[in-house]
Amino acid sequence: MAILDIPKSRTGNIPLHNLQSAGLLVKELELARGFIGNKKFTKKSDENERADSLVMAKLYAVLEAVADRVEMHKNIGDQRDNWNSLLLTSINAITLAAATMSSIAATTAVGFGSGASLAALKLSSTLMFLAATGMLFIMNKIQPSQLAEEQRNAARLFLQLQKQIETTIAIGSPTGHDVEEAMEKVLALDKAYPLPLLGVMLEKFPATVEPAVWWPQQAKESAHKTCSKSNGWNSKLEKEMRSIVEVIRRKDKADYLRLGGKALMLSKLLAISGPLLTGLAAISSAFMGSSSHTGFLAAMLGIVGGSLASIVNTLEHGGQVGMVFEMYRSNAGFFKLMEESIESNLMERRENGELFEMKVALQLGRRVSELRDLASSPKSKGEGAEEFASKLF
């Protein structure tokens, strides 16, 4: 039997201190790797935290600017509302005082002839009518009641934007896109409702009535993109939203544009009639006492013209026709915004479908079930639809 000669292992010849040194080296390498990895991770997390804090700081800066604009528009709106009441009272007082002087001058001319008292009354009446004409021309040009309504709308919309930014901050994790969107909305509102009067004041007597626009228009550029995700949308909801858009476009927006056109025509008529009547009264008062027939006619024109001018001025500015026109224009803009928002969500599905349906129902002053009934109604699909989409206004 052959004896196998197996060589002896040489592991026993390795010194023990060498093995201990190798083990320590491995541990050091592992610790080094872990330290480097943790250092990289900590550095990356610090950068993310700095980026998030910068976005939050920017969003807070926009929020502060929006809150400041709310106060500015409220204060200026109150100031311009005071303009309307003070100018209305002052111009009516001047006009009626001038008409009273014209009647006194006519009585003086009949009783005592032309003298120093008659000349003083004629001059005073003429100057007061001219002053009323100039003041009324300026007042009709700027339409203080319409200016006050613009500032009220701006304050309300800036307050709405303030609440939206606060909600974004409260939900957490805002992005740079949220900051850019908030900035664009602020600038769009600044352009839609300017604070200065000179140079950038909105046209008070436009050729055509257009809905007010206070939202960024560049959002339309992405309207051709279609999102493949459902995001709570389905064919039934899409059909419902398209029906609502048709009702809004055909009934609500069109009706407010029609009413705005009528208010604009009335405002133009009254704005022309007031200065015309006071100017006619000023010319008539200058010819009082010239002759019996001409003097009597001039006195009558001065008295009647001044009285009618006060009535017209009260109807225009006391009735705040300019404010009514701005209200109709703003309401038409609200429905245009709803129309664009629905169409954009139909294409991109940016918001959850169920949540968006609830928002549309709330904006129209309806329950969700009432909104669905309106969309499924046969009248909502035809030209003879009698029901408006909005129950709110």
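See the structure above.
Chemist: Explain the packing of aromatic side chains to me, and be specific about the residues and the numbers.
Modeler: Two aromatic rings, taken as a pair, are described by how far apart their centres are and by the angle between their planes. Per the counting criterion, the structure on display carries eight aromatic pairs. Each ring, one from Trp214 and one from Trp215, has its centre 5.2 Å from the other, and the planes form 90°; the classification is edge-to-face. Across the pair, exposure class does not vary: Trp214 and Trp215 are buried alike. Ring plane angle 45° and centroid distance 5.6 Å describe the contact between Phe335 and Phe393, whose orientation is recorded as tilted. Pair noted here: Phe335 is in helix H7 (residues 321-348) and Phe393 is in the segment after helix H9 (368-376), with a separation of 58 residues, a long-range link. Among the residues examined, Phe335 registers a relative accessible area of 0% and is labelled buried. Relative accessible area serves as the criterion here: at 33%, Phe393 is assigned to the partly exposed category. Taken together through their ring pairs, the aromatic side chains of Tyr256, Tyr328, Phe334, Phe335 and Phe393 make up a single cluster. Over the aromatic face of Phe388 sits the side chain of Lys251, whose NZ or CZ is 4.7 Å from the ring centroid.

Chemist: Which residues make up the packing of helix H5 (residues 235-286) against H9, and what values go with them?
Modeler: Taken N-terminus to C-terminus, the directions of H5 and H9 make an angle of 75°; their axes are 8 Å apart at the nearest point. Here H5 is positioned roughly perpendicular relative to H9, judged by the angle of their axes. Contacts between H5 and H9 involve Glu240, Met241, Ser243 and Ile244 from the first element and Leu371, Arg372, Leu374 and Ala375 from the second. Taken together, the residues that form the contact of H5 with H9 break down as five nonpolar, one polar and two charged.

Cut-offs used in this document
- Residues numbered from 1 in each chain as written.
- Predicted model: local features only at pLDDT ≥ 70, side-chain atom pairs only at ≥ 80, totals over all residues.
- Heavy atoms only, no water.
- Phe/Tyr/Trp six-rings, centres within 6.5 Å; stacked < 30°, edge-to-face > 60°.
- Buried < 20%, exposed > 50% of the residue type's maximum accessible area, 1.4 Å probe, protein only.
- Helix = DSSP H or I, 4+ residues; strand = E, 2+ residues; numbered from the N terminus.
- Lys NZ or Arg CZ within 6 Å of the ring centre and 35° of its normal.
- Axes fitted to C-alpha atoms, helices over the stretch in contact; angles between N-to-C directions.
- Parallel < 35°, antiparallel > 145°, perpendicular 65-115°, else oblique.
- Contact = heavy atoms within 4.5 Å.
- Nonpolar A, V, L, I, M, F, W, Y, C, P; charged D, E, K, R; others polar.

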